[in-house]
Amino acid sequence: MIVLNVVISLFVIVLLQFGGMYIFSLMTPYRDMEEINKGNVAVGLAMGGKFVATGIILGIAAYTNSSIWHMSMWFAVGYVCLVATYWVFDWLTPGVKLSDQLKEGNVAVGTLLAAVYIGIAIAVSSLII
């Protein structure tokens, strides 16, 4: 029974992680994987930051909740915070259109966004604990 619980939990975690990344990819006007295949480092950095940030929130949600349902709910709360962070950060930087800068390959913007995502994930995770 324990093995079945671990397998189910692992399946749900992978599903949530990649589902979250898919939703993030819908937020950008370009195709993330196409840009990465072209060698766009900025998009790669931003996407890597999203993946790590999503993993941090998912890991804390899994660690602090004994049921898959509660883990999924807390992940959803944290994930909404990550998505909102992108829109708020874009709004707070009116001189810099984040999606345009990423598509153009601005590594500084990609690095900054990765750090913002990871920082917010750590902060939001402290609320889940």
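Residues numbered from 1 in each chain as written. Predicted model: local features only at pLDDT ≥ 70, side-chain atom pairs only at ≥ 80, totals over all residues. Heavy atoms only, no water.

Caption draft 1: Spatial organisation of the overall build of the chain. A count of helices and strands for the chain gives 6 helices and 0 strands. Overall, the chain is about 50 × 30 × 20 Å in size when its C-alpha atoms are taken along their principal axes. With 129 residues in all, the chain has 37% of them scored as buried. Counted over contacts in the chain with a minimum sequence separation of 6, partners at least 24 positions apart contribute 72%. Roughly 7400 Å² of accessible area belongs to the chain as shown, and the carbon and sulfur atoms make up 75% of that amount. Positive and negative side-chain charges in the chain, numbering 5 and 6 respectively, have mean positions lying 4 Å apart. (Helix = DSSP H or I, 4+ residues; strand = E, 2+ residues; numbered from the N terminus. Buried < 20%, exposed > 50% of the residue type's maximum accessible area, 1.4 Å probe, protein only. Contact = heavy atoms within 4.5 Å. Areas by Shrake-Rupley, 256 points an atom, 1.4 Å probe, with all protein chains shown as cover. Lys, Arg positive; Asp, Glu negative; His and termini not counted. Charge placed at Lys NZ, Arg CZ, Asp CG, Glu CD.)

Caption draft 2: Expanded view of the pattern of salt bridges. Scanning the entire structure with this criterion turns up 4 salt bridges. A salt bridge links E34 to R31; the nearest nitrogen and oxygen atoms lie 3.6 Å apart. For E34, a relative accessible area of 44% corresponds to the partly exposed category. With a relative accessible area of 59%, R31 lands in the exposed category. Across the pair K97 and D90 runs a salt bridge, and its minimum N-O distance is 3.5 Å. Three or more residues are tied together by salt bridges with common partners; here these are E35, K38 and K103. (Salt bridge = Lys/Arg side-chain N within 4 Å of Asp/Glu carboxyl O.)

Caption draft 3: Here's a closer look at helix α4 (residues 68-92). When the terminal C-alpha atoms of α4 are compared, their 35 Å separation across 25 residues agrees well with the 36 Å that a helix rising 1.5 Å per residue should span. What α4 keeps buried is the set M71, S72, F75, G78, Y79, L82, V83, T85, Y86, F89 and D90. Those residues of α4 hidden inside the fold are in contact with α1 (2-26), α3 (41-64), α5 (98-103) and α6 (107-128). (Expected span 1.5 Å × (residues − 1).)

Caption draft 4: Seen up close, the layout of surface pockets. For the largest pocket, the calculated volume is near 150 Å³. Where the lining of the largest pocket is concerned, the elements lending two or more residues are α1 and α2 (32-37). Partitioning the lining of the largest pocket into residue classes produces 6 nonpolar, 1 polar and 3 charged. (1 Å grid on protein atoms, 1.4 Å probe; cavity = no way out; pocket = protein on both sides within 12 Å on 5 of 7 lines; lining within 4 Å. Points joined across faces, edges and corners; volume = space filled by probe spheres on them. Nonpolar A, V, L, I, M, F, W, Y, C, P; charged D, E, K, R; others polar.)

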